[in-house]
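Here are the chains, one letter per residue:
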Amino acid sequence: MAQGVADEPGRRRALPRVRVRLRELYHGASPEAVRFRLWVIAIDVLLIGFFIAAPFLRDYYPVYLTFDYVVALVLALDIGARALADVSLRTFLRRPSSWLDLFVLATLLFPLWLFNFAFLRVLRLWSLVHSEIFWHTVGRRYDDSRVEDVSKSLATLVTFIFVATGFVYASFARSHPGLNGYVDALYFTVTTLTTTGFGDITLPGAWGRLLTIVIMISGITLFVRFAQTLIKPYKVRFTCEACGLMRHDPDAVHCKACGALLNIPNEE
């Protein structure tokens with residue numbers, strides 16, 4: 001009994017040390033922290049690849065289920081580490097991305113009950129590309145802000161395509177002629193989203209028509225947004241010391257927000 005009481009303070013001291021260490025790895029600027037985050041991002045990319053390929057792997061159910069639970073374990077460890085590395089658990093739970101990750105974890109832990117919501121796992125792609133960890137580690141090595149904007153717009157477009165495909169597949173596959181598998185659902189989504197509309201596959205009923213309208217309108221909006229990020233003027237990332245504005249023209253001498261003198265590094 002006395003030994004158990006003596007061990008308790010040691011456990012309490014160990015947890016803050018673990019949290020400090022995780023904060024250094026997730027938010028630090030040391031080479032070790034950068035390498036750690038690169039590994040985390042690489043694992044995230046592999047998980048996203050599994051989520052995208054999952055509809056094609058479900059026919060091999062025993063193997064698929066094994067991979068499903070392995071991925072759940074990896075994701076649970078990542079979520080737990082991120083929660084400990086955050087300022088507090090309350091702050092962690094206030095973030096929509098945290099709830100998204102928890103929902104994805106639930107679909108992995110209960111694949112039989114949440115089968116129809118498994119397509120939402122690909123939202124992990126959106127949360128990864130929009131995360132500060134990703135851009136502090138990978139993207140902001142480059143001063144060109146267009147890289148970040150284009151990547152985020154493209155990730156949003158790709159995420160929408162796979163989420164819409166999963167929704168169509170879960171709602172209409174095998175219950176409507178023409179939608180016999182995931183590839184058919186993907187084909188319908190892409191042709192509708194691009195407003196090509198060959199008409200060989202259509203969704204029945206009022207609900208099907210409403211879903212088609214949503215896919216078309218959203219697709220046009222996302223394509224326009226993606227095109228805007230490709231053609232908009234080039235900006236560099238340089239924080240103005242006076243007002244904090246972070247994006248400026250490459251040849252800017254004064255900040256357009258406050259007029260303060262800038263000293264943007266320029267090879268020319």
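Residues numbered from 1 in each chain as written. Predicted model: local features only at pLDDT ≥ 70, side-chain atom pairs only at ≥ 80, totals over all residues. Heavy atoms only, no water.

1. Thoughts on helix α2 (residues 31-57)
If you check α2, its first and last C-alpha atoms are 38 Å apart, about what 27 residues at 1.5 Å a residue would give, namely 39 Å. The largest bend in α2 amounts to roughly 30 degrees and is located at Phe 51, with the proline Pro 55 lying one to four residues further along. (Helix = DSSP H or I, 4+ residues; strand = E, 2+ residues; numbered from the N terminus. Expected span 1.5 Å × (residues − 1). Bend = angle between axes of the 7 residues up to and from the residue.)

2. Regarding the confidence of the model for the chain
When pLDDT is averaged along the chain, the result is 79, and 86% of the positions lie at 70 or above. Here residues 1-6 scores under 50 on pLDDT; set against residues more than four positions off or in separate chains, the count is zero contacts. (pLDDT = per-residue confidence, 0-100. Contact = heavy atoms within 4.5 Å.)

3. Description of a nonpolar patch on the surface
A contiguous nonpolar patch, built from Phe 56, Leu 57, Tyr 60, Val 63, Phe 67 and Val 183 and spanning about 600 Å² of accessible area, is present on the exposed surface. Going through the elements one at a time, α2 and α3 (61-85) are the ones with two or more residues in the nonpolar patch. Mapped onto the secondary structure, Phe 56 falls in helix α2. (Patch = residues over 30% accessible without salt bridge, like charges linked within 9 Å, V, L, I, M, F, W, Y side chains within 5 Å. Areas by Shrake-Rupley, 256 points an atom, 1.4 Å probe, with all protein chains shown as cover. Salt bridge = Lys/Arg side-chain N within 4 Å of Asp/Glu carboxyl O.)

4. Observations concerning the packing of aromatic side chains
Under the definition given, this model contains four aromatic pairs. Taken together, a centroid distance of 5.2 Å and an interplanar angle of 85 degrees make the contact between Tyr 26 and Phe 36 edge-to-face. With Tyr 26 in helix α1 (residues 2-27) and Phe 36 in helix α2, the pair connects residues that are 10 residues apart, well separated along the chain. For Phe 36, a relative accessible area of 26% gives the class partly exposed. (Phe/Tyr/Trp six-rings, centres within 6.5 Å; stacked < 30°, edge-to-face > 60°. Buried < 20%, exposed > 50% of the residue type's maximum accessible area, 1.4 Å probe, protein only.)

5. Focus: helix α9 (residues 182-193)
Between its first and last C-alpha atoms α9 spans 16 Å; for 12 residues at 1.5 Å apiece the expected length is 16 Å, and the two agree. Every buried residue belonging to α9 is among Tyr 182, Ala 185, Phe 188, Thr 189, Thr 191, Thr 192 and Leu 193, and all of these are buried. Count one or two residues on from α9 and you reach Thr 195, which has phi positive near 60 degrees.

6. Brief notes about the pattern of salt bridges
Per the counting criterion, the structure on display carries nine salt bridges. Note that Arg 82 is salt-bridged to Asp 44, the shortest N-O span being 3.3 Å. Of this pair, Arg 82 sits in helix α3 while Asp 44 is found in helix α2, placing the two residues 38 residues apart along the sequence. Each member of the pair Arg 82 and Asp 44 is classed as buried.

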